[in-house]
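The primary structure of each chain is shown beneath.
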Amino acid sequence: MKTIRQEDSRRMSSHAKRFDDVIAAIDDANACDPKIVQVGDRTVPAELLYGQRMSDALARMAANASELLRIAVRGQHIERWTSPRSGYPVGRAGYLKWRNDLKEYHARRLGEIMTAAGYGPQDAARVGALVRKERLRSDPEAQMLEDTACIVFLAHYLPDFMGKTDEAKLARILVQTWNKMSAQGRAHVEKLDLPPGVLALLERGLKQIGGEATL
């Protein structure tokens, strides 16, 4: 019995280490982001901060999230700056091409990092599927990743959009964000300290398309 317990303990320790190694490798990669942002009295590479915010939000929304979802959430924007939007044609087609290429890149990079840490191909493929947000509405974990991204946007990045976006466009952005979220994700919006006027803009946008914000 003692031998079995020791083996279980070693296996659990090994699994914990490979997870920690992956998170550390993701953070090391994102620490190379040339864009530096100010947070309080410190400066942080932008994508490193984004990944940490994503993990923090997921921990609040789904404390029992799987190991693979936690990896996908931490690394969904890994090295995003290496493929700037300006490298693609203007317009919606160019935007969608950029987004899809980024998803493939993020999935590939995470797969490389996971393989180096000792994860098998099925685990790497699963994280890749999550990052690509395949079967978004039918896969609860893919939807949770989307909900987490929306919450992080609203909690941390919305004020910047408000400062440079007219109200009509901002209302559309809010509606798009709302429509991406599940009921569970929307429930977490109530817990956010949103800037004044945001909910009114969201309600206005939803009324324009015949929707309704249940807040």
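Rules of the game
Residues numbered from 1 in each chain as written. Predicted model: local features only at pLDDT ≥ 70, side-chain atom pairs only at ≥ 80, totals over all residues. Heavy atoms only, no water. Helix = DSSP H or I, 4+ residues; strand = E, 2+ residues; numbered from the N terminus. Buried < 20%, exposed > 50% of the residue type's maximum accessible area, 1.4 Å probe, protein only. Lys, Arg positive; Asp, Glu negative; His and termini not counted. Charge placed at Lys NZ, Arg CZ, Asp CG, Glu CD. Pairing = 2+ DSSP bridges. Expected span 1.5 Å × (residues − 1). Core = buried A, V, L, I, M, F, W, Y, C linked by side-chain atoms within 4.5 Å. Contact = heavy atoms within 4.5 Å. Axes fitted to C-alpha atoms, helices over the stretch in contact; angles between N-to-C directions. Left-handed = near helix turned anticlockwise from the far one by under 90°. Nonpolar A, V, L, I, M, F, W, Y, C, P; charged D, E, K, R; others polar. Arc of directions from axis to C-beta. pLDDT = per-residue confidence, 0-100. Salt bridge = Lys/Arg side-chain N within 4 Å of Asp/Glu carboxyl O.

K.L.:
Explain the overall build of the chain here, please?
P.N.:
Assigned secondary structure in the chain consists of nine helices and two strands. Scanning the chain from its N terminus toward the C terminus, one meets helices and strands in the order α-β-β-α-α-α-α-α-α-α-α. Seen along its three principal axes, the alpha-carbon backbone of the chain occupies a region of about 65 × 40 × 40 Å. Across the 215 residues that make up the chain, the buried fraction comes to 43%. A distance of 3 Å separates the average location of the 33 positive side-chain charges in the chain from that of its 28 negative side-chain charges.

K.L.:
Got a minute to help me understand the pairing of strand β1 (residues 36-39) in this structure?
P.N.:
Along a regular strand, successive side chains alternate from one face of the sheet to the other. Both β1 and strand β2 (residues 42-45) contribute to a ladder of four bridges, which runs antiparallel. From the neighbouring strand, Q38 faces β2, where its bridge partner is T43. Counting the residues that bridge the hairpin from β1 to β2 gives two residues, and of these G40 lies at a positive phi of roughly 65 degrees.

K.L.:
Explanation requested: helix α4 (residues 92-117) in the structure shown.
P.N.:
Because each turn of an α-helix spans 3.6 residues, side chains separated by three or four positions end up pointing in the same direction. With 26 residues, α4 ought to run about 38 Å at 1.5 Å a step, and its terminal C-alpha atoms sit 37 Å apart, in line with that. Where α4 is concerned, the buried positions are G94, W98, L102, Y105, H106, A107, R109, L110, G111, I113 and M114. Just downstream of α4 lies G118, where phi reads positive at about 110 degrees.

K.L.:
Just checking my understanding: could you explain the nonpolar core for this structure?
P.N.:
Note that soluble globular proteins tend to have their nonpolar side chains buried in a common cluster. In this structure, L69, I71, V127 and L174 are the most contacted members of the largest nonpolar core, which totals 48 residues. Among the elements of the structure, α1 (2-30), α2 (46-61), α3 (67-75), α4, α5 (121-131), α6 (140-164), α7 (167-180) and α9 (198-208) are those that each provide at least two residues to this core. With near-sequence residues (within four places) excluded, I71 lies in contact with F19, V22, I23, I26, L110, M114, Y119 and V127.

K.L.:
I keep staring at the packing of α2 against α6 and nothing clicks. Help me out?
P.N.:
Helix packing geometry: the angle between the two helix axes and the distance between the axes. The N-to-C vectors of α2 and α6 enclose an angle of 115 degrees; their axes lie 9 Å apart at closest approach. For α2 against α6, the interelement crossing comes out right-handed. Here Y50, R53, M54, A57, L58 and M61 of α2 come into contact with α6, specifically with M144, L145, D147, T148, A149, I151, V152, H156 and Y157. Within the contact of α2 with α6, the residues separate by chemical class into eleven nonpolar, two polar and two charged.

K.L.:
For this particular structure, what's the right way to read α9?
P.N.:
Of all the residues in α9, the buried ones are V198, L201, L202, G205 and L206. Buried residues of α9 fall within an arc of 135 degrees about the axis and therefore sit on the same side.

K.L.:
I'm lost on the confidence of the model for the chain in this one. Help?
P.N.:
Fine structural detail should not be taken from predicted coordinates in areas where pLDDT scores are low. The predicted model of the chain has a mean per-residue pLDDT of 89, with 91% of residues at 70 or higher. Across the chain, the secondary-structure element scoring lowest on mean pLDDT is α1, at 79, and the one scoring highest is α3, at 98.

K.L.:
Can you help me understand the pattern of salt bridges in this one?
P.N.:
Think of it this way: side chains of opposite charge can pair up when their charged atoms draw near. On inspection of all chains with the given rule, the structure shows twelve salt bridges. Salt-bridge contacts for R109 lead to E79; the nearest nitrogen and oxygen are separated by 2.8 Å. With R109 in helix α4 and E79 in the loop between α3 and α4, the pair connects residues that are 30 residues apart, well separated along the chain. Residue R109 shares its accessibility class with E79, and that shared class is buried.

K.L.:
Could you clarify how one ought to interpret unusual backbone geometry in this entry?
P.N.:
In this structure, E79 is a non-glycine residue whose phi angle is positive, near 55 degrees. Looking at E79, the relative accessible area reads 13%, which means it is buried. Of note in the backbone geometry, R135 takes a positive phi value of approximately 50 degrees without being a glycine. Within the fold, R135 resides in the loop between α5 and α6. Residue class for R135 comes out exposed when judged on its relative accessible area of 53%.

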